[in-house]
Amino acid sequence: MFVRSLSQNDWKSYRDLRLEALRLHADRYTGTLAQEALRDEKSWRELMSGEGRQCFGLFDQDEMIGIGAVFRDGQDASGQTAFLASAYIREDYRGKGYSRLLYEQRIQWAIDSGLFRRVLVGHREGNEASRRANQAFGFEYIGHEVKQFGDGREDVLHNYEVRLR
């Protein structure tokens, strides 16, 4: 098992896993399958990497079985906040500690980029697996808000941060 940064050439594999995640677990994401299925190739390619963003793939040999991303937080006018998003690991690979690999790579990328002072992550009320994963990396609770999730329901999104410098 390994994680690597994805390039624009990986857009199809990333897209397929992202849409799978939204189809199977709409209740865990704030994006919707309908919205993301409308993206064209150019949009997916631009999403993959660039200034303040990077997508990652979790691989079992040659097969991508998980994804995760780091994006600059557009709500921070300073541009110094990143957030971890789009984390998904296929069902057969869950509960084996592989999310640790995605967390490590995404946080290290945020540090190495030199762009960010802090990293945010969030989870829906009741998503204990996500809470445990972020707690293992020192994320501290900073509050909550009500958001609409991909299943069309509003619920509490718990937010956490880790300071990089």
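Check the entry above for the structure.
So, here's what we can say about the structure. (Residues numbered from 1 in each chain as written. Predicted model: local features only at pLDDT ≥ 70, side-chain atom pairs only at ≥ 80, totals over all residues. Heavy atoms only, no water.)

1. A closer look at the overall build of the chain
Along its length, the chain carries five helices and eight strands. Going residue by residue from the N terminus, the α and β elements of the chain occur as β-α-α-α-β-β-β-β-α-β-α-β-β. Here the C-alpha radius of gyration of the chain, 15 Å, is about what a compact globule of 165 residues would show, namely 15 Å. Projected onto its principal axes, the C-alpha coordinates of the chain cover approximately 35 × 35 × 35 Å. (Helix = DSSP H or I, 4+ residues; strand = E, 2+ residues; numbered from the N terminus. Rg over C-alpha atoms; globule rule 2.2 N^0.38 Å.)

2. Focus on the pairing of strand β8 (residues 154-163)
Burial runs high along β8: seven of the 10 residues are buried. When strand β7 (residues 140-148) meets β8, the two strands line up antiparallel, connected through eight bridges. Paired with Val146 across the bridge in β8 is Val156. Here β7 folds back onto β8 in antiparallel fashion, the turn holding five residues, of which Gly152 has a positive phi close to 85°. (Buried < 20%, exposed > 50% of the residue type's maximum accessible area, 1.4 Å probe, protein only. Pairing = 2+ DSSP bridges.)

3. A look at the pattern of salt bridges
Inspection of the entire model under this criterion finds 16 salt bridges. The shortest N-O distance in the salt bridge between Arg39 and Glu36 comes to 3.8 Å. Residue Arg39 is classed as partly exposed on the basis of its relative accessible area of 29%. Between Arg94 and Glu91 there is a salt bridge, and its shortest N-O distance comes to 3.0 Å. Connected through shared salt-bridge partners, Arg18, Glu36 and Arg39 make up one network. (Salt bridge = Lys/Arg side-chain N within 4 Å of Asp/Glu carboxyl O.)

4. Remarks on the pairing of strand β3 (residues 53-60)
Extensive coverage of β3 is indicated by the burial of six of its eight residues. Judged from the four bridges that link them, strand β1 (residues 2-5) and β3 form a sheet pairing that is antiparallel. Counted as the bridge partner of Phe2 is Phe59 from β3. Here strand β2 (residues 49-50) runs beside β3; their pairing, made up of two bridges, is antiparallel. Note that in β3 the partner of Gly50 across the bridge is Arg53. Taking the residues between adjacent antiparallel strands as the criterion, β2 and β3 are bridged by two residues, where Gly52 takes a positive phi near 80°. Judged from the eight bridges that link them, β3 and strand β4 (residues 63-72) form a sheet pairing that is antiparallel. Paired with Cys55 across the two strands is Ala69, which belongs to β4.

5. Here we look at the packing of aromatic side chains
Applying the stated rule across the entire model yields eight aromatic pairs. Judged by centre distance (6.5 Å) and plane angle (50°), the rings of Tyr93 and Tyr98 are tilted. For Tyr93, a relative accessible area of 18% translates into the label buried. The interplanar angle of 70° and the centroid separation of 5.4 Å between the aromatic rings of Tyr141 and Tyr160 together place this pair among those described as edge-to-face. (Phe/Tyr/Trp six-rings, centres within 6.5 Å; stacked < 30°, edge-to-face > 60°.)

6. Overview of helix α3 (residues 41-48)
The set of residues buried in α3 consists of Trp44, Leu47 and Met48. Along α3, the residues classed as buried sweep out an arc of 105° about the axis, all on the same side. (Arc of directions from axis to C-beta.)

7. Things to note about unusual backbone geometry
One non-glycine residue, Gln61, adopts positive backbone phi at about 60°. Here Gln61 lies in the loop between β3 and β4. Although it is not a glycine, Ser86 adopts a positive phi angle of roughly 60°. Relative to the assigned elements, Ser86 resides in strand β5 (residues 81-89).

Honestly, that's just the spatial picture; any functional story needs more than this.
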